[in-house]
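Here is what each chain is made of, one letter per residue.
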Amino acid sequence: MTSPVSEPTSSVQLDVISEEIAGQRIDNYLLTRLKGAPRTLIYRILRKGEVRVNKGRIKPDYRLQAGDAVRIPPVRLPAPNEPALVGQGILNALESSILYEDKALIVVNKPAGLAVHGGSGLDFGVIEAMRQLRPQCDQLELVHRLDRDTSGCLMIAKRRSMLRHLHAALRGDDEADGVTKCYIALVRGRWPGSVRRVHAPLMKNNLRSGERMVEVSPEGKESLTEFSVLRRFGDFATLVEARPITGRTHQIRVHAKHAGHPIAGDPKYGDDEFSQRVRALGGKRLFLHAVSLAAELPDGSRLEVRAEPGAMWDSTLARLAADE
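Owing to the predicted nature of the structure, the values given are computational and were not obtained by experimental measurement. The residue count restarts for each chain, going from 1 along the sequence in the order it is written. Confidence filtering applies because this is a predicted model: local features only for residues at pLDDT of at least 70, side-chain atom pairs given and counted only at 80 or more, and all residues used for totals across whole chains, interfaces and linings. Only hydrogens and water are removed before side-chain values are computed, so all heavy atoms of the structure are retained for them.

1. Notes on the pairing of strand β1 (residues 13-16)
Exposure classes here rest on a 1.4 Å probe applied to the protein chains alone. A residue is buried below 20% of its type maximum, exposed above 50%, and partly exposed in between. A run of DSSP states H or I qualifies as a helix once it reaches four residues; a run of E qualifies as a strand once it reaches two. Both are numbered from the N-terminal end. Burial along β1 is one-sided: Gln13 and Asp15 are buried, and none of Leu14 and Val16, which face the opposite way, are. Pairs of strands are assigned from DSSP output, requiring at least two bridges between the strands. The pairing of β1 with strand β3 (residues 69-72) spans four bridges and is classified as antiparallel. Across the sheet, residue aspartate 15 finds its bridge partner in β3, namely valine 70.

Written as structure tokens, this is what we have:
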């Protein structure tokens, strides 16, 4: 590994990337390297070309290679006595929501409404909070992402070796068994038992406001979600299980809408009238929850984790059942 610098300096730093670091995105590397630096600062110095790799400009998603020479400009980092970025209440909530932890991996039941990382006007997300909770872990990285308003199982690697293993599993590489992720969602109307698979290509579009939207398009990437009915609430709503076979942005939300059954509380792809009726029952959230995941770990053991959706979810479904 490179030799870490614990104190910010006024001079340019030059890091040579080792095999252990190779494969990591430059933005994530800088977030770890420049401890305490806000994500907005990281993207600003990348955008301005102040960070160079092998004397050339790079984009935030550039993946480092062994032997790369990374130029890091002088930056001002928060002093040790400055207030912590994340409040203690959120830290306590995240600590209590940890579902699994070992020397190389953490799985947390991410709350709805909390982004997985800072940026786009957000000072922090789950990963920044976890770095504050686990300051001794200098390689913490998100294994995958969940939408801000989606709750449930989220994997965070504590070691680069675990990150590489799980990324290979998510890609479906031959050397690693896949990661199985299962979601539950409350959707509008009576989902027919005959609709078990939604196979529709998805394409991302960015609006003028910078908001990312996804739509079904023949020009999009192949996308497949398997659905099954868990419970019907008359003709008003259905609780479904969703298993994304591919991993596209907003996949379950867009596929549910494409099937004619948008998810309750979805501000982008939902039905406003349906969402308002669910909200009136106390359901003030997006009703999409990553309820479980399973993966084979590097030592051959099988990890299986389940996350409960919480009191608001349960009480809303109880009120729906009472209204049948």
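There's more to say after this.
2. Observations concerning the nonpolar core
Note on terminology: a nonpolar core comprises buried Ala, Val, Leu, Ile, Met, Phe, Trp, Tyr and Cys residues joined through side-chain atoms within 4.5 Å. In terms of nonpolar packing, the biggest core is built from 50 residues, with Met130, Ile156, Leu186, Ile263 and Phe287 touching the most fellow members. The residues touching isoleucine 263, leaving out its near neighbours within four places in the chain, are Ala185, Leu186, Val187, Ile252, Arg253, Ala256, Gly270, Phe274, Ser275, Leu286, Phe287 and Leu288. Leu41, Leu46, Leu64 and Leu77 belong to the second largest nonpolar core, which has 20 residues in total. In what follows, residue pairs with any heavy atoms lying within 4.5 Å of each other are defined as contacts.

3. Some words on helix α2 (residues 39-47)
Arg39, Leu41, Ile42, Ile45 and Leu46 are the residues of α2 that are buried. Down the axis of α2, the sector holding all buried residues measures 160°, keeping them to one side. Of the surrounding elements, those touching the buried residues of α2 are α1 (26-33) and α4 (126-133). Just past α2, the residue glycine 49 takes up positive phi, approximately 80°. It is the directions from the helix axis to the C-beta atoms whose arc is reported.

4. Re the environment of alanine 321
In this structure, alanine 321 sits in helix α8 (residues 311-323). Distance in space between the C-alpha atoms of alanine 321 and arginine 232 is 9.0 Å, their sequence separation being 89 residues. Those residues in contact with alanine 321 that lie beyond four places of it in its chain are Arg231 and Phe233.

5. Overview of the packing of α1 against α2
Packed helices, taken two at a time, are described by their axes: the angle between them and the distance between them. For every element, the axis is a line fit to its C-alpha atoms; helices are fit only across the contacting stretch, and the angle between N-to-C directions ranges from 0 to 180 degrees. The N-to-C vectors of α1 and α2 enclose an angle of 125°; their axes lie 10 Å apart at closest approach. On the basis of their axis angle, the class for α1 and α2 is oblique. In this structure, the crossing between α1 and α2 has a hand that is right-handed. Facing Ile26, Asp27, Asn28, Leu30 and Leu31 of α1, the residues of α2 in contact are Arg39, Ile42, Tyr43 and Leu46. A breakdown of the residues in the contact of α1 with α2 according to their chemical character gives six nonpolar, one polar and two charged. Note on angle classes: values under 35 degrees are labelled roughly parallel, values over 145 roughly antiparallel, values of 65 to 115 roughly perpendicular, and the remainder oblique. Each crossing gets its handedness from the near helix: less than a right angle anticlockwise from the far helix is left-handed, clockwise is right-handed. When residues are sorted by character, Ala, Val, Leu, Ile, Met, Phe, Trp, Tyr, Cys and Pro go into the nonpolar class, Asp, Glu, Lys and Arg into the charged class, and all the rest, Gly among them, into the polar class.

6. A short note on the pattern of salt bridges
Salt bridge criterion: a side-chain nitrogen from Lys or Arg within 4 Å of a carboxyl oxygen from Asp or Glu. Throughout the structure, instances matching the rule amount to 14 salt bridges. Across the pair arginine 253 and aspartate 147 runs a salt bridge whose closest N-O atoms are separated by 2.9 Å. Residue arginine 253 is found in helix α6 (residues 251-258), and its partner aspartate 147 is found in the loop between β6 (141-142) and β7 (151-157); the two are separated by 106 residues along the sequence. Relative accessible area serves as the criterion here: at 22%, aspartate 147 is assigned to the partly exposed category. When the shortest N-O distance is used, the salt bridge between arginine 243 and glutamate 241 registers 3.3 Å. Each of Glu95, Glu101, Arg134 and Lys158 takes part in one network of salt bridges that share partners.

7. Notes on the sheet that holds strand β2 (residues 52-53)
One open sheet holds the three strands; their spatial order is β1-β3-β2, and the pairing between them is antiparallel. Where the open sheet ends on each side, the last strands, each with one partner, are β1 and β2. The sheet contacts of α1 involve β1, β2 and β3, and relative to β3 the element is tilted by about 55°.

8. Thoughts on the pairing of β3
A one-sided burial pattern is seen for β3, the buried positions being Val70 and Ile72 and the unburied ones Ala69 and Arg71. Pairing geometry for β2 and β3, over two bridges, is antiparallel. Note that in β3 the partner of arginine 52 across the bridge is arginine 71.

9. Things to note about unusual backbone geometry
Even without glycine at this site, lysine 55 takes up a positive phi of about 70°. Following the sequence through the fold, lysine 55 ends up in the loop between β2 and β3.

10. Details of the state of the cysteines
Sulfur atoms of two cysteines make up a disulfide when they are within 2.5 Å. For the coordinates displayed, the defined rule picks out zero disulfides. With no disulfide of its own, cysteine 137 lies 20 Å from the sulfur of cysteine 153, the closest cysteine sulfur. Distance from the sulfur of cysteine 182, which forms no disulfide, to the nearest cysteine sulfur (cysteine 153) is 9.4 Å. Exposure remark for cysteine 182: the relative accessible area of 3% places this residue in the buried category.

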